[in-house]
Amino acid sequence: MTEATDLAAAASSADPRVGLRAVVALRRLLEGLEHLQVANARRKGWSWQEIADALEVTRQGVHKKHARLMPMHDPREG
């Protein structure tokens, strides 16, 4: 089993302590994956609006959440 599969199984545990800890771990995993894919999209030239559309959120929301984590782009680099 993968980590995500194990966590998904634990999230449905009858023990609330196990289930809630799994929910926290899944949330962290998803946040990391989202950041990774947003960075990937930005490197490939996607606009904030394109990313927002793919994530089904607003452009402002995705920009606020991820822009500070993105490396600064030097306009002289093209």
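As a starting point, this report considers the structure included with it. (Residues numbered from 1 in each chain as written. Predicted model: local features only at pLDDT ≥ 70, side-chain atom pairs only at ≥ 80, totals over all residues. Heavy atoms only, no water.)

## Quick look at the packing of helix α3 (residues 48-55) against helix α4 (residues 59-66)
Counted only if it meets this: Between N-to-C directions, angles span 0 to 180 degrees; the directions come from axes that are lines fitted to C-alpha atoms, helices contributing only their stretch in contact. The numbering of helices and of strands both runs from the N terminus, where a helix is a DSSP run of H or I of at least 4 residues and a strand a run of E of at least 2. Oblique is the label for any angle not covered by the other classes, which are roughly parallel (under 35 degrees), roughly antiparallel (over 145) and roughly perpendicular (65 to 115). Residues count as neighbours in contact if any of their non-hydrogen atoms are within 4.5 Å of one another.
Contact geometry for α3 and α4: axes closest at 8 Å, N-to-C directions at 105°. In terms of axis orientation, α3 runs roughly perpendicular to α4. Residue-level contacts link W48, Q49, I51, A52 and L55 of α3 to R59, V62, H63 and H66 of α4.

## Points about the packing of helix α2 (residues 16-43) against α3
In helix packing, the relevant descriptors are the interaxial angle and the interaxial distance, both defined with respect to the helix axes. Put simply, the rule is: Here a crossing is taken to be left-handed if its near helix is turned anticlockwise relative to the far helix by less than a right angle, and right-handed if that turn runs clockwise. Residue polarity is assigned by list, with Asp, Glu, Lys and Arg as charged and Ala, Val, Leu, Ile, Met, Phe, Trp, Tyr, Cys and Pro as nonpolar; anything else, Gly included, falls into the polar class.
Contact geometry of α2 with α3 gives a least axis separation of 10 Å together with a crossing angle of 140°. Judged by the sense of rotation from one axis to the other, the crossing of α2 with α3 is right-handed. The segment α2 lies against α3, with E34, V38, A41 and R42 engaging W48, I51 and L55. In the contact of α2 with α3, the residues fall into five nonpolar, no polar and two charged.

## With respect to the nonpolar core
Heads up, the condition is: Take the buried Ala, Val, Leu, Ile, Met, Phe, Trp, Tyr and Cys residues and link them wherever side-chain atoms come within 4.5 Å; each set so joined is a nonpolar core. Exposure is judged per residue with a 1.4 Å probe applied to protein chains only, and the accessible area is read against the type maximum: over 50% gives exposed, under 20% gives buried, and values in between give partly exposed.
Formed by V38, A39, A41, W48, I51, A52, V62 and M70, the largest nonpolar core amounts to eight residues. Looking at this core, the elements with two or more residues in it are α2 and α3. For W48, the residues in contact, after removing those within four places along its chain, are V38, R42, R59, V62, H63, H66, A67 and M70.

## Quick word on the pattern of salt bridges
Basically, it comes down to this: Salt bridges are defined as contacts in which a side-chain nitrogen from Lys or Arg sits within 4 Å of a carboxyl oxygen from Asp or Glu.
The full count for this structure, using the stated rule, is two salt bridges. One salt bridge in this structure joins K65 and E31, with 3.0 Å as the shortest N-O distance. With K65 in helix α4 and E31 in helix α2, the pair connects residues that are 34 residues apart, well separated along the chain. We note a salt bridge from E34 to K65, for which the minimum N-O separation is 3.2 Å. Residue E34 is found in helix α2, and its partner K65 is found in helix α4; the two are separated by 31 residues along the sequence. Residue classification places E34 among the partly exposed positions, given a relative accessible area of 22%.

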